[in-house]
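Remarks on the overall topology
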Amino acid sequence: QGQLVESGGGLVQPGGSLRLSCAASGIPYNLYTMAWYRQSPGQQRELVAEIPASGSEYYGPTMKGRSTISRDNGINMLYLQMNRLQPEDTAIYYCNAKLPFSSQNLWGQGTQVTVSS
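Residues numbered from 1 in each chain as written. Predicted model: local features only at pLDDT ≥ 70, side-chain atom pairs only at ≥ 80, totals over all residues. Heavy atoms only, no water.

**Notes on unusual backbone geometry**
Even without being glycine, arginine 84 reaches a positive phi, approximately 50°. Positive phi, close to 65°, is recorded for phenylalanine 101, a residue that is not glycine.

**A closer look at the sheet that holds strand β8 (residues 77-82)**
Taken together, four strands build an open sheet; the order of strands is β1-β3-β8-β7 and the sheet is antiparallel. Looking at the sheet topology across the chains shown, the edges are occupied by β1 (3-7) and β7 (67-72). For this sheet, the mean inter-axis angle between neighbouring strands, taken without regard to orientation, is 15°. Of the pairings in the sheet, the one linking β1 to strand β3 (residues 18-25) comprises five bridges and is antiparallel in character. Residue pairing for β3: glutamine 3 is matched across the bridge by serine 25. (Pairing = 2+ DSSP bridges. Helix = DSSP H or I, 4+ residues; strand = E, 2+ residues; numbered from the N terminus. Axes fitted to C-alpha atoms, helices over the stretch in contact; angles between N-to-C directions.)

**Topic: the pairing of β7**
Residues Ser67, Ile69 and Arg71 point to one face of β7 and are all buried, whereas Thr68, Ser70 and Asp72, pointing to the other face, are not buried. Bridge count between β7 and β8: six bridges; the pairing is antiparallel. Paired with serine 67 across the strands is methionine 82, a residue of β8. Here β7 folds back onto β8, and the loop between the two strands holds four residues, one of which, asparagine 76, carries a positive phi near 55°. (Buried < 20%, exposed > 50% of the residue type's maximum accessible area, 1.4 Å probe, protein only.)

Geometric descriptors of this kind do not, in isolation, establish any biological role.
What follows is the structure, given as C-alpha cells:
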C-alpha cells in the first residue's frame, strides 16, 4: 500500500520562503506523476504544480513564477520550493501521486502553511 508523507509546512512572514517535502513509499515512484495541491478554508483543492515521471513540469496559475517543483527518484522524494509567499497562500498543501493510464491516485495527509505577520 502506497503512502505519502508531507513535511516542511509552518508559519512564515509575508515575502518569506518555505520548502515542502513529500516522502513516498510502497509505490514504484519513478513511474508516477507527482503533484502538489493546496486547499484553503471554504475553497476547492487546486493544483499548484505537477511533475511527470519524464517531461516538463506544469505550474498552476496561483504560484507560477514563485514556486519550483522537483523530484528525486533515487530517494522517492518530492519537493516544492515556495518564494515570496503571501497571506493568500495560506492553505493545507497536499502531495499527490498518480499513475498514468490507471486509477492509482494517492494523497498525503497534508501540511499546513500559514503566511502571516
